[in-house]
Amino acid sequence: MSDYYENQDQNNNQLYNNGQNPFRDQLMNGGQSPYGEQSSYGSQSPYGGQPQAGGQNPYGGQNPYGDSYYDQMYGAQQAQMQSGLNLNGAVGQGAALGFEALNSVLGRSFLYMFIALLLTGITSVIVASSPALLTAIFASGRFSLLIIFGLEIGIVIACTAAMKSNNATLSAILFAAYSIINGLTFSVIFLAFQLSSIINVFFTTALVFGIMAFLGGVTKRDLTKLGNILLAGLIGIIIGSVINIFVGSSGADFIITILGVVIFMGFTAYDVNKIIKLSNSYTGLSTNVIALYGAMQLYLDFINLFLKLLRLFGKRK
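Cut-offs used in this document
Residues numbered from 1 in each chain as written. Predicted model: local features only at pLDDT ≥ 70, side-chain atom pairs only at ≥ 80, totals over all residues. Heavy atoms only, no water. Helix = DSSP H or I, 4+ residues; strand = E, 2+ residues; numbered from the N terminus. Buried < 20%, exposed > 50% of the residue type's maximum accessible area, 1.4 Å probe, protein only. Contact = heavy atoms within 4.5 Å. Areas by Shrake-Rupley, 256 points an atom, 1.4 Å probe, with all protein chains shown as cover. Axes fitted to C-alpha atoms, helices over the stretch in contact; angles between N-to-C directions. Parallel < 35°, antiparallel > 145°, perpendicular 65-115°, else oblique. Left-handed = near helix turned anticlockwise from the far one by under 90°. Nonpolar A, V, L, I, M, F, W, Y, C, P; charged D, E, K, R; others polar. Phe/Tyr/Trp six-rings, centres within 6.5 Å; stacked < 30°, edge-to-face > 60°. pLDDT = per-residue confidence, 0-100. Patch = residues over 30% accessible without salt bridge, like charges linked within 9 Å, V, L, I, M, F, W, Y side chains within 5 Å. Salt bridge = Lys/Arg side-chain N within 4 Å of Asp/Glu carboxyl O. Core = buried A, V, L, I, M, F, W, Y, C linked by side-chain atoms within 4.5 Å. Expected span 1.5 Å × (residues − 1). Arc of directions from axis to C-beta.

Colleague: Got a sec to walk through the overall build of the chain? Specific residues and values, please.
Modeller: The number of helices and strands found in the chain is eleven helices and zero strands. Taken from the N to the C terminus, the helices and strands of the chain come in the order α-α-α-α-α-α-α-α-α-α-α. Scored against the burial criterion, the 317 residues of the chain give a buried share of 51%. The long-range fraction of contacts in the chain, counting pairs at least 24 apart against all pairs at least 6 apart in sequence, stands at 88%. Of the roughly 13,900 Å² of accessible surface on the chain, a fraction of 63% belongs to carbon and sulfur atoms.

If you want it as structure tokens, here you go:
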């Protein structure tokens, strides 16, 4: 187990050290939009002209969703969780838990994921429908977003540590808190995109997610080796997005978004397969902790896939 935690610590240090945090530069880039003056969705911002939310624009007349804050921040959280538990060190160590435990863990993972998405959705609708809440939460514009995103990253790291220490209660509390805080940032999509478009993309995401989850669950192949490839691809598209901040190419942004869809589809199948392997191996972790870990992985898969598809097919107001 010492090697198991050493590997994890090394992974975490690599992703979050002060000198090589691929998300720090993006968040601290001074508010510059990666899409330049001409967005891939058009040059007209839903926050330009007539302000939303009862006549008060909490973002200072700029559309924060037009930037790649969301994609890159949730990508950071995805990378953190993917390196949270070392699957390779767990498989094959000890006796299998059995078919009933397997079904229990996988079923709980999907249940916890559904609850987390529900918390995020309810929170975002409540905030988006209240001009007072929007103004209070985003009073400082992008600085408010930086604070929220920093808090999210901190919760992800703390949740990963709680899971490693086999603390199911703390893991569940942090996961619920993380889902609610995500709802704050997700509230802006209801202001930026048409409601019908959001609903259509949501169900499209659910369909694609369900198909990939099914394939990951029924395949007899070991998808463990895909983990490093997918993680490398994730870091690659994040770095590409950072570079595109300065290039401002809508074509590059489109390609990066397409690659992101493919990568998160792969992550969905991979994570379901990984949950099954964790369930069927001795890890020293309780069933609830494994289920929560799986739920957070699947939650991030769904969120990232939804954001990518929304950027491709979402209709702005």
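Colleague: Let's hear about the packing of helix 6 (residues 142-164) against helix 7 (residues 168-192): which residues, and what values?
Modeller: With their axes 9 Å apart at the nearest point, helix 6 and helix 7 run at an angle of 160° to one another. With respect to each other, helix 6 and helix 7 are oriented roughly antiparallel. Relative to helix 7, helix 6 is oriented so that their crossing is left-handed. Only Leu-170, Ser-171, Leu-174, Phe-175, Ala-177, Tyr-178, Ile-181, Asn-182, Leu-184 and Thr-185 of helix 7 make contact with helix 6, whose side of the interface consists of Leu-145, Ile-148, Phe-149, Leu-151, Glu-152, Ile-155, Val-156, Ala-158, Cys-159, Ala-162 and Met-163. The residue inventory of the contact of helix 6 with helix 7, partitioned by class, reads 17 nonpolar, three polar and one charged.

Colleague: If you had to explain the packing of aromatic side chains to someone new, which residues and values would you point to?
Modeller: Within this structure, the stated rule accounts for nine aromatic pairs. Here the aromatic rings of Tyr-178 and Tyr-299 are separated by 5.9 Å at their centres, their planes lie at 70°, and the arrangement is edge-to-face. Separated by 121 residues along the polypeptide, Tyr-178 in helix 7 and Tyr-299 in helix 11 (residues 287-313) bring together distant segments of the chain. Judged by its relative accessible area of 0%, Tyr-178 falls in the buried class. Relative accessible area serves as the criterion here: at 0%, Tyr-299 is assigned to the buried category. Ring geometry for Phe-267 and Tyr-270: centres 6.5 Å apart, planes at 65°, overall edge-to-face. Separated by three residues within a single helix, Phe-267 and Tyr-270 lie in helix 10 (residues 250-279), roughly one turn from each other. Of the two residues, Phe-267 and Tyr-270, neither departs from the other in class, the shared state being buried. An aromatic cluster is built from Phe-186, Phe-202, Phe-203, Phe-209, Phe-302 and Phe-306, whose rings are joined through pairwise contacts.

Colleague: So what's going on with the confidence of the model for the chain? Which residues, and what values?
Modeller: Confidence in the prediction for the chain averages 75 pLDDT; 67% of positions are at 70 or higher. Contacts of residues 87-102 to residues separated by more than four positions or lying in other chains number 23 contacts, the stretch itself having pLDDT below 50.

Colleague: Any chance you could break down a nonpolar patch on the surface for me, citing the residues and the numbers?
Modeller: A contiguous nonpolar patch, built from Leu-111, Phe-114, Ile-115, Leu-118, Ile-122, Ile-126 and Leu-133 and spanning about 640 Å² of accessible area, is present on the exposed surface. The element that contributes the greatest number of residues to the nonpolar patch is helix 4 (residues 99-128), accounting for six residues. Its location among the elements puts Ile-122 in helix 4.

Colleague: Summarise the packing of helix 8 (residues 195-218) against helix 10; cite the residues concerned and give the values.
Modeller: Remark: helix 8 packs on helix 10, axes separated minimally by 7 Å, with the N-to-C direction vectors making an angle of 40°. With respect to each other, helix 8 and helix 10 are oriented oblique. Both helix 8 and helix 10 take part in a crossing whose hand is right-handed. Residues Val-208, Phe-209, Met-212, Ala-213, Gly-216 and Gly-217 of helix 8 pack against Met-265, Thr-268, Ala-269, Val-272, Asn-273 and Ile-276 of helix 10. Across the contact of helix 8 with helix 10, the residue classes break down as eight nonpolar, four polar and no charged.

Colleague: Let's hear about the nonpolar core: which residues, and what values?
Modeller: The nonpolar side chains of a soluble globular protein tend to be buried with one another. Met-113, Phe-175, Tyr-178, Ile-189 and Tyr-299 are the most contacted members of the largest nonpolar core, which totals 67 residues. Every element with two or more residues in this core is listed here: helix 4, helix 6, helix 7, helix 8, helix 9 (226-247), helix 10 and helix 11. If one sorts the elements of this core by residue count, helix 11 sits on top with 17 residues.

Colleague: Residue-level account of helix 9, with values.
Modeller: With 22 residues, helix 9 should cover 32 Å at 1.5 Å per step; its first-to-last C-alpha distance of 31 Å lies within 8% of that length. Residues of helix 9 that are buried: Gly-227, Leu-230, Leu-231, Leu-234, Ile-237, Ile-238, Ser-241, Val-242, Asn-244 and Ile-245. What you see down the axis of helix 9 is that its buried residues fit within an arc of 165°, all on one side. For helix 9, the exposed residues lying more than 90 degrees away from the buried face are Asn-228, Ile-229, Phe-246 and Val-247. Gly-248 occupies a position one or two residues after helix 9 and carries a positive phi of about 70°.

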